[in-house]
Each structure stands twice: as C-alpha cells, then as structure tokens.
Amino acid sequence: MLAGFLGWISLLFEPLADVYIPPIQPQERLRPEHRPWHQIITGVYGRPPLWKIHNRHGDVNWSFHRDDVTQALPHDVHKCLYAHANDATEIKYMNNGTSVGGVYSDLAVVMNHTPDNPATDKLFTFTLCRRNDVLWNAHTLEPLPGDLLAVGTTGQRAWDGILVYNASAANPLMANPPILQNITGLRAIHGLIWDEQGQMLWAAGTDAAADGSDPVPAYGTIVGYPWDRETGLLVKDDRYVYRLPEAKRIEAEWGKGYSWWAGLHDLVPIPNQRKFLVSEDRGLHAFDIETGQYTEHYENVTEKYLHGFEVTTKGRHGYTDGEWEELPQSDLKSFNIAPDGSFIYVQSLWTKFRGFHTSLVINGKRRKINIGDEIYRSRWFGNLDGWPKP
C-alpha cells in the first residue's frame, strides 16, 4: 500500500507527458443501489469559480477550486486555469462518478473525482483552452464512447458546431489537443446529451445565428448525430433535425428591437422514457424521440412533467411583436429530473444571465438551496435511469 502511495506522489514531480492515470473503479456510494440522484453538482461563478457536489440540503461533500491543483500543468494550460474568466458554465457526472467534466474559467476540463483516494482526486485528465475565436463561448460538453469528448462551440457562425476530441487519460495534457472531428452547422449549442439506446449524440441549438446577425430568423433546433461504431465518428443526417414550430425574438425580456432570437438552453432526458424536455429563452418544450415531434409547450410541459414548478422571480413579462406576454418558465439555464420524480432547476434573474439559488422540488414542494451563489447550472450527480453516460 505504501509503495502505491509513493508511486502516486512521484507522479507529481515527473514530466507531464509521462503521466498515466490508471482506470478508477466506481466508488461504492455512487453505485445504483446508493441512489446517486441524491447528490447534486453545481457550478458557482466567481473569481475564481467553484465546483461543488452536495446533497439535497446543500451540504457539500466535495468541491474543486483551482488552488486545489497540485499536479504539474503545461504553462498554457495553467494560464487558462488562472485566467480572469469567472465561468462555471457546465458541470457533469462522468465515468460512473469517478470523473467530473465541465467548463471552469477558460478551460474545458475533465478531472478525477475520487474523494476516497486523495492521491488521485482532482487530477486533470483532459484540458482544452477556450481562449481563441472558436471556443471562447463554449457552453457545454458530453462524453462519447471510446474516451471521446464532444464540445459545443456555442458560436453564431455557419462553421460553429461540435468539436470532438480524444479525452483518454493516457494522453498528455495540452491546451489545444488535436481535433478528431468538426461538425458544423448548428449554432449557439447549449446542450449535449449522449443517447445510449439510440447510439447517438443529441444537441440543442439554433439553425441560424441566434444573435440576429443572419438575414433569417433563428429557430430553436434539436439535432441527433448517429454514432458510427466502425469509424468512431458522428454522422450528420438531415432526418434527425427538429426545429421548433416558431421563431421569436426575446423582446419581452430585453426590450423592443432587441436582435436576439429565443435559443435553446438545456436538453434534459426524462428517466426511463424516450423523451426530452428542452428549455429555451421563453419557456419549455417536450420532444418525443420515437415520433420526432414536439408534443407539449410552455405551461403544458410543467403541468405534465414538472409538478411543483414555480417561477422564481416576479415581473417575467413584456411585449413581443406588440403582444403582451407572461413568461414564467423563461430563462431556465438548467433543470434535471430524477427517477423518483423530484427535480432541480436554475432560473436566471429577469434581464440577467444567471440565478442566485437552485430550486429543488420534492413531491410537488419547492425549496431553495445554494442561496446566494451565482449559478448557471446544477445537475444530478449520477446516471439517470435509461440515459447512462458511456
């Protein structure tokens, strides 16, 4: 045991290219019988940002701050980690709970989550610097089979979309790892979900520039990219492109003449069902994968799937195209449904970009946790039934 411990210590002083972090077995408390959806992972904006895993009461049992890093990092990775950016835009459960992935400061990063083994806990296994014209606004990422990682560029140009990388822990860390695949066409991607049953990656974005810089309206769009097992690549297929029935500008919130179109935010599977719920700037929509149809919109979604949802701030109304609208479900930056029917959500303040608490609904009753934290996303820390990560 002592030899193994000293072996890990030695890694901290060896050149990074020689470091290999062996596979880690799932921790006991994260196995299915331990109901992992009682654990929540939250990203807190700040300088520096903070990631934390906590229970339904908000009690923290694991956290990450950049000063926790003890391993040797390449200079350009270190610069992106210690950038002035306050981003904690994405945080996700990966590798059966032994990894955490997301956006932290100017990095897209995957790191170990092994609190029972401090020698390996919080070691970075993949890094990608966002300080460039392509990735500066990247909002989300998702693991794919074969140690691959999909990153949404979240841009407005025709060549924006999804970049795929080899995220194997056996590779040396670098700020700009090689791109294995570049899938263009879907703008403003905010949500990515791997579909194990369908063997495809789903993405939520817009079909044109959400910022209004294109001469056409931008429709919220869900796109499925089948995964080719033989090549290990994702495939563009027009049969899996699903636009919302209408495009609306977000004037009710931001004022008359505001150029931006309502875009999609979080793409959320319903446990044990072939259905997604998707949030956009104005409200919620339900999507049936089997039929390829949007089935419910706005209050019909909350009435059917999110009993106990409550608007978190007053005054969510205004004029769009001259018509007065109440938008109680607007600006859900994230939400997640657990197999037991409980759900969490983060709704940003009106005319702001983030919220200042996480709403937790159990048996139709809402309460607040993480009060005072500046939050974009909170998610269940576990594999949801029917939707395991690869």
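In the block above lies the structure referred to throughout.
Residues numbered from 1 in each chain as written. Predicted model: local features only at pLDDT ≥ 70, side-chain atom pairs only at ≥ 80, totals over all residues. Heavy atoms only, no water.

> How would you sum up the overall build of the protein? Please name residues and give values.
Within the protein, the regular secondary structure consists of four helices and 27 strands. Relative to its length of 390 residues, the protein is compact, with a C-alpha radius of gyration of 20 Å against a globular reference of 21 Å. Counting all 390 residues of the protein, 58% fall into the buried class. Pairs at least 24 residues apart make up 54% of the contacts formed inside the protein by residues separated by at least 6 positions. Averaging the positions of the 37 positive and the 47 negative side-chain charges in the protein gives two centres separated by 4 Å. (Helix = DSSP H or I, 4+ residues; strand = E, 2+ residues; numbered from the N terminus. Rg over C-alpha atoms; globule rule 2.2 N^0.38 Å. Buried < 20%, exposed > 50% of the residue type's maximum accessible area, 1.4 Å probe, protein only. Contact = heavy atoms within 4.5 Å. Lys, Arg positive; Asp, Glu negative; His and termini not counted. Charge placed at Lys NZ, Arg CZ, Asp CG, Glu CD.)

> I'd like a description of the sheet that holds strand S4 (residues 90-94), backed by residues and values.
Overall, antiparallel pairing links the four strands, which are arranged S4-S5-S6-S7 in an open sheet. One side of each edge strand has no neighbouring strand; the edge strands of this open sheet are S4 and strand S7 (124-129). The sheet shows a mean angle of 10° between the axes of neighbouring strands, taken without regard to direction. In this sheet, S7 lies alongside strand S6 (residues 107-112) in antiparallel orientation, the contact comprising five bridges. Bridge pairing in S7 places Leu107 opposite Cys129. (Pairing = 2+ DSSP bridges. Axes fitted to C-alpha atoms, helices over the stretch in contact; angles between N-to-C directions.)

> Give a description of the environment of Asp331 that names residues and reports values.
For Asp331, the position within the fold is in the loop between strand S22 (323-326) and strand S23 (332-337). Once residues lying within four places of it in the same chain are set aside, the contact partners of Asp331 are Glu253, Glu280, Asp281, Arg316, Val346, Gln347, Ser348, Leu349 and Trp350.

> Help me get a handle on the side chain of Gln39, residues and values and all.
On the secondary structure map, Gln39 appears in the loop between helix H1 (2-11) and strand S1 (40-44). Of note is the side chain of Gln39, whose polar atom sits 2.5 Å from the side chain of Asn61. Those residues in contact with Gln39, other than ones at most four positions away along the chain, are Ile53, His54, Asn55, Asn61, Arg379, Trp380 and Phe381. (Polar contact = N/O pair within 3.5 Å; in protein donor to acceptor, adjacent residues only side chain to side chain.)

> Describe the sheet that holds strand S3 (residues 60-64), naming the residues involved and giving the relevant values.
Judged by pairing direction, the sheet is antiparallel, and its four strands sit side by side in the order S3-S2-S1-S27 without closing on themselves. Either end of the sheet is taken by a strand with one partner, and the two such strands are S3 and strand S27 (375-380). Taking the axes of each pair of neighbouring strands and ignoring which way they run, one obtains an average angle of 20° across the sheet. The pairing of strand S2 (residues 50-54) with S3 spans four bridges and is antiparallel. Residue pairing across strands places His54 opposite Val60, the latter belonging to S3.

> So what about the side chain of Asp195? Which residues, and what values?
Along the polypeptide, Asp195 turns up in strand S12 (residues 187-195). The exposure class of Asp195 is buried, given its relative accessible area of 0%. Here Trp202 takes part through its side chain, which lies 3.1 Å from a polar atom of the side chain of Asp195. Once you skip the residues sitting within four places of it in the chain, Asp195 turns out to touch Met200, Trp202, Arg274, Ile289 and Trp387.

> I'd like a description of the pattern of salt bridges, backed by residues and values.
One pass over the structure, following the stated rule, counts 23 salt bridges. Its salt-bridge partner being Asp214, residue Arg187 comes within 3.0 Å of it at the nearest N-O pair. A residue pair is termed long-range when its members are at least 10 positions apart, and Arg187 in strand S12 and Asp214 in the loop between strand S13 (200-206) and strand S14 (220-228) qualify at 27 residues. For Arg187, a relative accessible area of 10% gives the class buried. Assessed through its relative accessible area of 23%, Asp214 is described here as partly exposed. The closest approach of N and O atoms between Arg282 and Glu325, which form a salt bridge, is 2.7 Å. A residue pair is termed long-range when its members are at least 10 positions apart, and Arg282 in the loop between strand S18 (275-280) and strand S19 (283-288) and Glu325 in strand S22 qualify at 43 residues. Accessibility classification places Arg282 together with Glu325 in one group, the buried group. Among the charged side chains, a salt-bridge network with shared partners connects Asp87, Asp106, Arg130 and Arg131. (Salt bridge = Lys/Arg side-chain N within 4 Å of Asp/Glu carboxyl O.)

> Run through the packing of aromatic side chains, naming residues and quoting values.
For any pair of aromatic rings, geometry is given as the distance between the ring centres together with the angle between the planes. Considering all chains together, one arrives at 18 aromatic pairs under this definition. Connected via pairs of aromatic rings, a cluster forms that spans Trp202, Tyr242, Phe276, Phe287, Tyr294 and Trp387. Positioned above the aromatic ring of Tyr219 is the side chain of Arg243, whose terminal nitrogen or guanidinium carbon lies 4.0 Å from the ring centre. The positively charged end of Arg354 is found above the aromatic ring belonging to Tyr45, 4.0 Å away from the centroid. (Phe/Tyr/Trp six-rings, centres within 6.5 Å; stacked < 30°, edge-to-face > 60°. Lys NZ or Arg CZ within 6 Å of the ring centre and 35° of its normal.)

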